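The residues making up each chain are set out below.
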Amino acid sequence: MTSIQASQGSPYARILSIASAVPSRVVDNAEMCTYIDSSDEWIQQRTGIVERRWVGEGEDAESLSLDCGGRAIERAGLTPEDIDAVIVSTISQFVQTPGLAPIVAAKLGTAGAAAFDISAACAGFSYGLAQAEALVRSGAAHHVLVIGVETLSKVTDLEDRSTAFLFADGAGAAVVGPSDTNGIGPVVWGSDGNQADAIFMTQSLQEVAATGTPSWLHMHGQPVFRWATTAIADAARRALAAAGLTPDQLDVFAPHQANNRITDAMLRHLKLPDTVKVARTVKYYGNNSAASIPMALDAMLQSGEASSGDTALIIGFGAGLVYAGQVIRLP
Amino acid sequence: MATTEEIRTQLAELVNDVAGVPVEDVQLDKSFTEDLDVDSLAMVEIIVGCEEKFGVSIPDEDSKQLKTVGDAVAYIESHQ
Ligand SMILES: CC(C)(COP(=O)(O)OP(=O)(O)OC[C@H]1O[C@@H](n2cnc3c(N)ncnc32)[C@H](O)[C@@H]1OP(=O)(O)O)[C@@H](O)C(=O)NCCC(=O)NCCS
């Protein structure tokens, strides 16, 4: 019998670089309150959000992806030809096909890298990272560009006062490559499709065509809050344990930036020591879904709050419902 | 089986942990929202905390009825 050769990967993978693209348009709570019946005080108290970013003139999911993707490749000390797979996690590619990833791969100048989109909402970055890590270790790819990008402002219902103040735009990217030491811990992930109606689009594309009215991203906030502060806090604890670490060995905790109140509740469950630096970028960026974790990590690294070599626990969670978390070494 | 006072004390610790309300303020006649300034998200955490602490299950339609500390303590007592 003939034998089929297997691919040979690297023993370990790590994140070589992180970059983010912050949209230009600042929408503060005062402006938000011209659209919905609310107040700066209520929004800050319930979520910690002071302002959010929306795409401005000339910005869209593609331009944000190219911006942060290009800089992530540069920061990794690589050229676009070194990238052999591009994974774009987004719910803001507003056609079913083609995916955004092949377009981004071409415009960045990769040599026809494998490219595909994934749909895992606010867990998208951690889902993409888990795949990138597996691709590098299996040998299916050597350098993978993972991008989380959203323009949720395009699907935000400004007549829905229970969600309008939350959703925002942005992008973040990471390059994952081979390593002699491990830089990405085991992924702890899962889904609960029984709660598919907790965060949802109000209409299918067919219904949009038939009714001529837009489809909005809506959410039942309290069940999601309950799920995030219980099941997801526990998943974060398991991701830390799966990496063989204890809370005192952690430098950074960067959960998906949905709401500071969720982050606070997770901290109570995880009992992390005060020395752990906690991502709070929701304050200035709002909830950027798949982009929020790399945006938070880049902001913390650029400001010096976090440092290269730090051990960070990340966890994403959102529509599906889906979640994924892992421990990473910051580049 | 925990007594009314034991349940109130444990509930007070929970409300303190979640919402920072001083434990001595958590008395049976106090309304969570009106008197203790507990908002809807903190209430979700308190309900979940009660389920874990006291081994009861509190469905949404019941939790909406728990306006005062006394309501919650009575609910826990009768469902333990
Ligand atoms: C969205 C969220 C902040 C809403 O908070 P909530 O406490 O559930 O809000 P509710 O709709 O129950 O409303 C609570 C009260 O605030 C009021 N309210 C609701 N929206 C308001 C707004 N924008 N401004 C002012 N008041 C508002 C309601 O009328 C209600 O008042 P009442 O108690 O007097 O009737 C919260 O549910 C949440 O963050 N959930 C998690 C969702 C999340 O982050 N998901 C992301 C996953 S990707």
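In the block above lies the structure referred to throughout.
The rules behind these values
- Residues numbered from 1 in each chain as written.
- Chains lettered and ligands numbered in written order.
- Predicted model: local features only at pLDDT ≥ 70, side-chain atom pairs only at ≥ 80, totals over all residues.
- Heavy atoms only, no water.
- Helix = DSSP H or I, 4+ residues; strand = E, 2+ residues; numbered from the N terminus.
- Buried < 20%, exposed > 50% of the residue type's maximum accessible area, 1.4 Å probe, protein only.
- Polar contact = N/O pair within 3.5 Å; in protein donor to acceptor, adjacent residues only side chain to side chain.
- Expected span 1.5 Å × (residues − 1).
- Contact = heavy atoms within 4.5 Å.
- Pairing = 2+ DSSP bridges.
- Axes fitted to C-alpha atoms, helices over the stretch in contact; angles between N-to-C directions.
- Core = buried A, V, L, I, M, F, W, Y, C linked by side-chain atoms within 4.5 Å.

Asks: Please clarify how the environment of A:Arg52 should be interpreted in this entry.
Replies: All names here are of chain A. You can see Arg52 is positioned in strand E3 (residues 51-54). On the accessibility criterion, Arg52 (0% relative accessible area) is buried. Taking the C-alpha atoms as reference points, Arg52 and Phe167, 115 residues apart in sequence, are found 8.0 Å from one another. Here Val27 takes part through its backbone oxygen, which lies 2.7 Å from a polar atom of the side chain of Arg52. Within polar-contact distance, the side chain of Arg52 engages the side chain of Asn29 at 2.7 Å.

Asks: Sorry, what's going on with helix H2 (residues 40-54) of chain B here?
Replies: Every α-helix winds through 3.6 residues per turn, so residues three or four apart in the chain are directed the same way. The first and last C-alpha atoms of H2(B) sit 21 Å apart over 15 residues, in line with the 21 Å expected at 1.5 Å per residue. Regarding H2(B), the residues found buried are B:Leu41, B:Ala42, B:Met43, B:Val44, B:Glu45, B:Ile46, B:Ile47, B:Val48, B:Gly49, B:Cys50, B:Glu51 and B:Phe54. Of the surrounding secondary structure, the elements contacted by the buried residues of H2(B) are helix H2 (40-47), helix H7 (221-242) and helix H8 (260-270) of chain A together with helix H1 (4-19), helix H3 (60-63) and helix H4 (69-79) of chain B. Where H2(B) begins, the side chain of B:Asp39 points an oxygen toward the backbone nitrogen of B:Leu41, at a separation of 3.0 Å. B:Gly55, located one to two residues past H2(B), shows a positive phi value of around 65°.

Asks: Where do I start with the side chain of B:Ser63 in this structure?
Replies: Residues and elements named next belong to chain B. Looking at the element boundaries, Ser63 is found in helix H3. The exposure class assigned to Ser63 is buried, which follows from its relative accessible area of 13%. The residues touching Ser63, leaving out its near neighbours within four places in the chain, are Ile47 and Ile58.

Asks: Would you explain the sheet that holds strand E8 (residues 188-191) of chain A in this entry?
Replies: Sheet strands line up and pair through hydrogen bonds in the backbone, either parallel or antiparallel. Residues and elements named next belong to chain A. Taken together, five strands build an open sheet; the order of strands is E8-E14-E13-E11-E12 and the sheet is mixed. Bordering the open sheet on either side are E8 and strand E12 (277-278), each of which pairs with just one other strand. Direction of pairing for strand E11 (residues 252-255) relative to strand E13 (residues 311-318): parallel, over a ladder of four bridges. For Pro255, the partnering residue across the bridge sits in E13 and is Ile315.

Asks: Which parts of the structure should I look at to understand the side chain of A:Thr156?
Replies: Residue and element names in this part refer to chain A. One can find Thr156 in the loop between strand E6 (144-151) and strand E7 (169-179). Among the polar contacts listed, one links the side chain of Thr156 to the backbone oxygen of Leu152, at a separation of 2.7 Å. Residue contacts for Thr156: discarding those within four places in its chain leaves Ala164, Phe167 and Trp216.

Asks: Hey, could you run me through the sheet that holds E7(A) in this one?
Replies: Residues and elements named next belong to chain A. Pairing within the open sheet is mixed, and its five strands lie in the order E1-E7-E6-E4-E5. The open sheet has two edge strands, strand E1 (12-21) and strand E5 (114-118), and neither has a second partner. Neighbour-to-neighbour, the strand axes of the sheet open up by a mean angle of 20°, direction not taken into account. With five bridges joining them, strand E4 (residues 85-89) and E6 adopt parallel strand pairing. Along E6, the bridge assignment pairs Ala85 with Val144. Sitting on the sheet, helix H4 (residues 100-108) touches E4, E5 and E6, and the angle it makes with E5 is about 140°.

Asks: Explanation requested: the nonpolar core in the structure shown.
Replies: Generally speaking, a soluble globular protein has its nonpolar side chains buried in company with each other. In terms of nonpolar packing, the biggest core is built from 45 residues, with A:Met32, A:Phe253, A:Met266, A:Leu313 and A:Phe317 touching the most fellow members. Elements that contribute at least two residues to this core include exactly strand E10 (217-219), H7, H8, E13 and strand E14 (322-329) of chain A together with H2 of chain B. Among the elements that line this core, the one with the most residues is H7(A), at 10 residues. Not counting residues up to four positions away in its chain, the partners in contact with A:Phe253 are A:Met266, A:Leu267, A:Leu270, A:Leu272, A:Val276, A:Lys277, A:Val278, A:Ala279, A:Leu313 and A:Ile315. By size, the runner-up hydrophobic cluster in this structure holds 34 residues, among which are A:Ala13, A:Val136, A:Ala306 and A:Val322.

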